Amino acid sequence: MAGHAIPHFQNDGGHAAIEIGVKEFMCTGANVPFDHPHIYIDMGDDNEKVCSYCSTLYRYNPNLKADQTEPAGCVFHVKAA
């Protein structure tokens, strides 16, 4: 399976907020099988956006790369069957 063109993030840890290095991304809520529908979120001119499914607050941090989060470990990875 090819990698994601748009970064995907999850919040298994139940963090109040997650800092990310992109403004366009997908929220999965949690890892499979506890994920919600994977939704596209675009922050636009804002620096924060709340997921309408899981209420995770995402904050843009320009110092992070597309595959980095703060706290660490919130990038969603597809696991092979």
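Refer to the structure printed above.
A quick note: this is a predicted structure, and the numbers were derived from the prediction, not measured. (Residues numbered from 1 in each chain as written. Predicted model: local features only at pLDDT ≥ 70, side-chain atom pairs only at ≥ 80, totals over all residues. Heavy atoms only, no water.)

A.B. asks: If you had to explain the pairing of strand 3 (residues 24–29) to someone new, which residues and values would you point to?
C.D. replies: Of all the six residues making up strand 3, five are buried; the element is thus mostly covered by neighbouring parts of the structure. Relative to strand 3, strand 1 (residues 8–10) runs parallel, the two sharing three bridges. Counterpart to His8 in the pairing with strand 3 is Met26. Note: strand 3 against strand 4 (residues 39–42), four bridges, orientation antiparallel. Residue Met26 lies in a different strand from strand 4, and its bridge partner there is Tyr40. (Buried < 20%, exposed > 50% of the residue type's maximum accessible area, 1.4 Å probe, protein only. Helix = DSSP H or I, 4+ residues; strand = E, 2+ residues; numbered from the N terminus. Pairing = 2+ DSSP bridges.)

A.B. asks: So, the pattern of salt bridges: which residues are in play, and what are the values?
C.D. replies: The tally for this structure, following the rule as stated, stands at two salt bridges. Note that Lys49 and Asp46 form a salt bridge whose closest N and O atoms lie 3.8 Å from each other. Looking at Lys49, the relative accessible area reads 28%, which means it is partly exposed. Across the salt bridge formed by Glu48 and Arg59, the nearest N and O atoms sit 2.7 Å from each other. With Glu48 in strand 5 (residues 48–50) and Arg59 in strand 6 (residues 57–60), this residue pair connects regions lying 11 residues apart in the sequence. Judged by relative accessible area, Glu48 falls into the partly exposed class, the value being 40%. Accessibility expressed as a relative area gives 34% for Arg59, which makes it partly exposed. (Salt bridge = Lys/Arg side-chain N within 4 Å of Asp/Glu carboxyl O.)

A.B. asks: Describe unusual backbone geometry, with residues and values.
C.D. replies: Here Val32 and Pro33 are connected by a cis peptide whose omega angle stands at 10 degrees. Here Pro33 is to be found in the loop between strand 3 and strand 4. The omega angle of the peptide bond from Glu70 to Pro71 is 5 degrees, so this bond is cis rather than trans. The topology assignment puts Pro71 in the segment after strand 7 (69–70). Within the chain, Ser55 stands out as a residue other than glycine whose phi angle is a positive 65 degrees. If you trace the backbone, Ser55 turns up in the loop between strand 5 and strand 6.

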